[in-house]
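Geometric and topological summary
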Amino acid sequence: MGGRSAKSGLSSVGVSPTTAPSAMGGSVSMAGATPVTPSAFQMQQQPPNLANTPQQAQQANNAAFPTVDNSPFHDLYNGRQYYQNQNLTADQITATIQYLDDQPESGSMYSMSQNLNHLLVQAAQNGVAPQMNANQAYTYRHLMAAMHNLGYNVNLTRYDHGEFVNTLLKQNGIKNANFSTMPVSQLQAALVGKTYGEERFLSTSYNDFKNASSQSKMTFQHRAVRIEYKAKASTQAMMPGNGPGGAIGEVVLAPSGGRKNMKIVGVRVDSSRKVRQKGTAYLSSQDQLVLTVEVD
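The following paragraphs examine the structure supplied in this document. What you are looking at is a predicted structure, and each value in this text was computed from that prediction instead of being measured.

Once that is clear, we can look at the side chain of Thr-139. Among the secondary structure elements, Thr-139 is positioned in helix H5 (residues 134-146). We classify Thr-139 as buried; its relative accessible area is 0%. Within the structure, Thr-139 has its side chain in polar contact with the side chain of Gln-98 (distance 3.0 Å). When residues no more than four places from it in sequence are discounted, the contact partners of Thr-139 are Ala-95, Gln-98, Tyr-99, Met-112 and Leu-116.

Tracing the backbone shows Thr-292 in strand S13 (residues 283-295). By relative accessible area, Thr-292 is classed as buried at 14%.

A word on the packing of aromatic side chains. Two aromatic rings, taken as a pair, are described by how far apart their centres are and by the angle between their planes. Summed over all chains, the structure comprises seven aromatic pairs. A centroid spacing of 5.6 Å and a plane angle of 70° characterise the contact between Tyr-99 and Phe-201, whose relative ring orientation is edge-to-face. Linking Tyr-99 in helix H3 (residues 90-100) with Phe-201 in the loop between strand S7 (195-196) and strand S8 (202-205), this pair joins segments that are 102 residues apart in sequence. No difference in accessibility class separates Tyr-99 from Phe-201, as the two residues are buried.

Val-165, Leu-169, Leu-191, Tyr-229, Leu-291 and Val-293 are the most contacted members of the largest nonpolar core, which has 38 residues in total. Met-147, Met-238, Val-252 and Ala-254 belong to the second-largest nonpolar core, a separate cluster that totals 15 residues.

Each regular strand carries side chains that alternate between the two faces of the sheet. Of the pairings in the sheet, the one linking strand S9 (residues 225-231) to S13 comprises seven bridges and is parallel in character. Each residue of the ladder has a partner; that of Val-225, found in S13, is Leu-289. Bridge analysis of strand S12 (residues 262-276) against S13 gives ten bridges, and the strand direction is antiparallel. Note on S13: the bridge partner recorded for Gly-266 is Thr-292. Remark: six residues form the turn of the hairpin made by S12 and S13, two consecutive strands paired antiparallel; Gly-279 in that turn has positive phi of roughly 85°.

A side chain with one charge can pair with a side chain of the opposite charge if their charged atoms come near. What the rule picks out here adds up to seven salt bridges. Arg-200 is the salt-bridge partner of Glu-198, the closest N and O atoms lying 2.9 Å from each other. The pair Glu-198 / Arg-200 is uniform in exposure class, with both members buried. Ionic pairing is found between Asp-270 and Arg-226, a salt bridge with its closest N-O pair at 3.2 Å. Of this pair, Asp-270 sits in strand S12 while Arg-226 sits in strand S9, and the two are 44 residues apart along the sequence. With respect to class, Asp-270 is no different from Arg-226; both count as buried. In this structure, a network of salt bridges that share partners links the residues Arg-158, Asp-160, Glu-198 and Arg-200.

Reported here for the largest pocket is a volume of approximately 930 Å³. Contributing to the lining of the largest pocket are 30 residues, with Val-121, Gln-125, Thr-167, Glu-198 and Arg-200 lying nearest its centre. Of all elements in the fold, only helix H4 (112-126), strand S6 (154-160), helix H6 (162-171) and S7 reach the threshold of two or more residues within the lining of the largest pocket. Counting residues per element, the lining of the largest pocket draws most heavily on H4, which supplies six residues. Split by residue class, the lining of the largest pocket holds seven nonpolar, twelve polar and eleven charged.

Here is what the cut-offs are and how they apply
- Residues numbered from 1 in each chain as written.
- Predicted model: local features only at pLDDT ≥ 70, side-chain atom pairs only at ≥ 80, totals over all residues.
- Heavy atoms only, no water.
- Helix = DSSP H or I, 4+ residues; strand = E, 2+ residues; numbered from the N terminus.
- Buried < 20%, exposed > 50% of the residue type's maximum accessible area, 1.4 Å probe, protein only.
- Polar contact = N/O pair within 3.5 Å; in protein donor to acceptor, adjacent residues only side chain to side chain.
- Contact = heavy atoms within 4.5 Å.
- Phe/Tyr/Trp six-rings, centres within 6.5 Å; stacked < 30°, edge-to-face > 60°.
- Core = buried A, V, L, I, M, F, W, Y, C linked by side-chain atoms within 4.5 Å.
- Pairing = 2+ DSSP bridges.
- Salt bridge = Lys/Arg side-chain N within 4 Å of Asp/Glu carboxyl O.
- 1 Å grid on protein atoms, 1.4 Å probe; cavity = no way out; pocket = protein on both sides within 12 Å on 5 of 7 lines; lining within 4 Å.
- Points joined across faces, edges and corners; volume = space filled by probe spheres on them.
- Nonpolar A, V, L, I, M, F, W, Y, C, P; charged D, E, K, R; others polar.

Here it is in structure tokens:
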């Protein structure tokens, strides 16, 4: 499950959200989980624009972030301005705060966002609706409503564990897959040109974690797999604030919603980046595998 390593830059003083999580209709499925009404918030000094309704936010975001960018894929240089150009309701900002919170959820070892993403993936695999508790349902509803066109053809980065690639291999007919024992030519033959979807909120970085702490960089940048996304302007996403990429470094992609909107266009090995031994701060001799993935 993907994790968070930093909280939002939004703190909890100021304007109240319109709907408390406890009023949501989500099913409570986690034993011992007590819904917590989110406190009000105070936005950053130069925050996103506050919209009165989800419809107003969506209309303003459609105007600010177009579906087409005629430029080649490029880096996003002015992340702070991008963040400020977004339009969010009070509920959407509160949901963002909850999604970025790295504290363990009541009755769990994991944060709410980790548990939520796990539920979304498991439900999609089993073909059933996810059984969320009230806080998860509130966050899911309003974070989905906060999604908008990415607006630009942007390069994004994510790091993941080896199980991610092994799952892709299994989905493409390779049983008992273990990517670390396969030559890169075999991985290229098995994966390049294949499409897939992600039924979870996908946390990426537009600046390769440049502003993250040294500890966070070690945690993320030396995982077994680096995914370099080429995300089109029409991709549904939002910039939540201060996530694991450091100040304003994170871009969250919306779940694919049953679509196979991701296409693997490249597989290579980066011999300059060694993989961290899982559960330690030590690097192994294993080279990092890099997937290039187009997203729309």
